[in-house]
Amino acid sequence: WVPEGYLRRRFSFSHKTMSGYEKADVPKAEATKKAKLAHLTLDSISRLTGTITLPGSKSLSNRALLLAALSRGTTKVENLLDSDDIQAMLSALKALGVKVDESARHTDKRVIIEGKAGPFDVSAHGGVCELILGNAGTAMRPLAAVVCACKGNFVLDGTARMRERPIKDLIDGLQQLGSPVECTENPPHGGCPPVRVNANGIKGGKCIISGKISSQYISALLMTAPLAESGPVVIEVKDELVSKPYVDMTIGLMKQFGVTVQEEELSADKNAPRPRYTVPGGQSYVSPGTYYVEGDASGASYFLGAAAITGGPITVQGCGSHSVQGDIKFAHIMEKMGCTVDWKPDSMTISRKTDGSQPLKGVDVDCGEIPDAAMTLTVIALFVQDGKPTAVRNVYNWRVKETERMKAICTELGKLGAEVEEGRDYCIVQPLSKIKPGIAIDTYDDHRMAMCFSLAACGDTAVIINDPECTKKTFPTYFDELRSLISK
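Residues numbered from 1 in each chain as written. Predicted model: local features only at pLDDT ≥ 70, side-chain atom pairs only at ≥ 80, totals over all residues. Heavy atoms only, no water.

Q: Got a sec to walk through the state of the cysteines? Specific residues and values, please.
A: Summed over all chains, the structure comprises zero disulfides. The structure places no disulfide on Cys-339, whose sulfur is separated from the nearest cysteine sulfur, that of Cys-458, by 12 Å. On the accessibility criterion, Cys-339 (7% relative accessible area) is buried. With no disulfide of its own, Cys-458 lies 12 Å from the sulfur of Cys-452, the closest cysteine sulfur. (Disulfide = S-S within 2.5 Å. Buried < 20%, exposed > 50% of the residue type's maximum accessible area, 1.4 Å probe, protein only.)

Right, here's the structure in full:
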């Protein structure tokens with residue numbers, strides 16, 4: 001387990017002029033950054049076993065922070081994830097005038113949010129309120145919607161990759177609800193951030209948008225709906241909603257903060273949901289007092305996968321059969337692949353006999369509900385023992401995530417020696433008898449690429465992970481946790 005080489009990197013934003021107005025300057029980051037680990041060599045791992053406690057869920061952490069800020073009362077958010085994406089949300093909330101007590105954030109994983117009891121109002125400050133959100137989709141999408149219900153002049157921007165991640169469907173929905181919000185239309189990445197709005201609240205009503213690209217658009221509109229001046233607010237999906245469990249999670253969280261959502265299913269095909277949501281008027285967010293963030297189910301997938309490959313057993317604590325996160329379904333796929341999963345309300349233990357009596361099997365699965373965890377499946381597929389391929393389907397939105405994940409995954413699997421078929425919204429991975437030695441995996445500044453490809457070291461050769469510190473986006477201690485499970 002050998003860290004090699006260091007580099008320094010400058011961070012800055014390239015600026016483009018947005019249609020209809022002049023783009024406000026985005027402050028550049030400091031020119032000199034702390035020395036950054038260039039690559040990490042993972043020696044061959046024969047077995048991983050033990051117990052880890054998962055960090056808090058990124059999706060739940062950022063949603064809870066935002067709802068706490070909009071609520072009446074003060075909220076203690078416990079087990080908050082400590083990562084770049086969460087820092088982006090906390091910084092934005094402070095820029096919006098929210099009082100945030102972070103004194104116990106790094107010691108006890110707790111922050112205290114003093115709610116604003118409704119929409120934010122920065123109009124008295126004059127000028128533009130700039131929210132610089134890095135590559136945090138869980139901050140950009142909900143904040144882009146919520147500020148439309150507020151008062152003030154807002155610009156939301158991020159990294160170069162964020163400026164390539166589409167947001168136009170969300171903007172369309174907000175415009176239907178009466179907001180003058182707009183995003184950049186200039187090619188080659190039209191319909192992406194920066195987002196600008198001179199906001200004076202939204203009236204409410206009905207919007208109909210596509211759900212094919214990201215469920216975060218629907219979640220963002222739902223979280224904004226109680227802030228409308230009059231209700232009800234109706235949000236209808238006109239085609240198909242991908243990753244619906246994330247929207248279910250949003251609705252459950254809203255309920256804990258005092259807001260109920262009505263749902264009507266318009267599709268006869270249970271595999272292609274097309275819901276219509278109604279948020280009745282007269283509701284407002286109320287603090288639950290304390291909100292505990294459950295462990296990250298997406299992060300659990302790497303350890304479940306490690307146990308599937310090497311036999312385990314590995315126990316992940318922090319989410320289990322009572323989890324509200326859709327990515328818990330990844331464990332069911334591990335069962336289909338031949339693993340044994342012992343379910344507890346707040347934990348899972350996965351194991352597999354490695355004496356030949358419990359071979360790892362190839363599967364063909366629709367992963368539309370769990371696209372993040374599905375990335376891990378593509379690396380596990382290399383180790384399948386029944387000779388069958390593993391097909392990961394219905395994951396078009398990989399192409400609009402932190403990087404173009406479909407191409408990235410297929411490229412890096414190919415470097416390892418795998419035969420991969422790439423389709424528009426699927427890939428099929430053939431099992432691999434031997435991983436090519438000395439391969440350096442490019443991570444594309446994508447935290448999940450680094451984590452899922454670390455499992456390639458479970459073969460009989462070392463693997464090099466380039467830019468391992470990109471895991472700071474959601475799981476800064478990932479490689480330490482992985483190392484702690486190596487069986488001596």
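There's more to say after this.
Q: Outline the packing of helix α6 (residues 216-224) against helix α7 (residues 244-256), listing residues and values.
A: For the pair α6 and α7, interaxial distance at closest approach is 9 Å and the crossing angle is 15 degrees. As summarised for this structure, α6 and α7 are arranged roughly parallel, according to the angle between their axes. Considering how the two elements wind past one another, α6 and α7 form a crossing that is right-handed. Seen from α6, the contacting residues are Ile-218, Ser-219, Leu-222 and Met-223; seen from α7, they are Tyr-246, Val-247, Thr-250, Ile-251 and Met-254. (Axes fitted to C-alpha atoms, helices over the stretch in contact; angles between N-to-C directions. Helix = DSSP H or I, 4+ residues; strand = E, 2+ residues; numbered from the N terminus. Parallel < 35°, antiparallel > 145°, perpendicular 65-115°, else oblique. Left-handed = near helix turned anticlockwise from the far one by under 90°. Contact = heavy atoms within 4.5 Å.)

Q: How would you summarise the pairing of strand β22 (residues 426-429) if you had to cite specific residues and measurements?
A: One ladder, built from four bridges, connects strand β20 (residues 390-393) with β22; its direction is antiparallel. When the bridges of β22 are listed, Val-392 appears paired with Cys-427. With three bridges joining them, strand β21 (residues 420-422) and β22 adopt antiparallel strand pairing. Across the sheet, residue Glu-422 finds its bridge partner in β22, namely Cys-427. Joining the antiparallel neighbours β21 and β22 is a turn of three residues. (Pairing = 2+ DSSP bridges.)

Q: I'd like a rundown of the sheet that holds strand β11 (residues 205-209), residues and numbers included.
A: Spatial strand order, β11-β12-β14-β13: four strands in an open sheet with mixed pairing. Among the strands making up the open sheet, the edge pair consists of β11 and β13 (262-265). Averaged over neighbouring strand pairs, the angle between their axes works out to 15 degrees when direction is ignored. Here five bridges tie β11 to strand β12 (residues 233-237), and the two strands are oriented parallel to one another. Across the sheet, Lys-206 pairs through a bridge with Val-234, a residue of β12.

Q: Go over the nonpolar core with me, naming the residues and quoting the values.
A: Formed by 83 residues in total, the largest nonpolar core has its most connected members in Leu-65, Phe-120, Phe-154, Leu-156 and Leu-222. For this core, the element with the most residues is helix α1 (residues 58-70), which contributes eight residues. Ala-300, Ala-374, Met-406 and Ala-456 belong to the second-largest nonpolar core, a separate cluster that totals 77 residues. (Core = buried A, V, L, I, M, F, W, Y, C linked by side-chain atoms within 4.5 Å.)

Q: Describe helix α4 (residues 137-146), and please don't skip the residues or the numbers.
A: Counting buried positions along α4 yields 10 of 10 residues, so the element is predominantly enclosed. Structurally, α4 contributes buried residues whose contacts are with α1, α2 (84-95), β8 (151-157), α5 (168-176), β10 (192-200) and α6.

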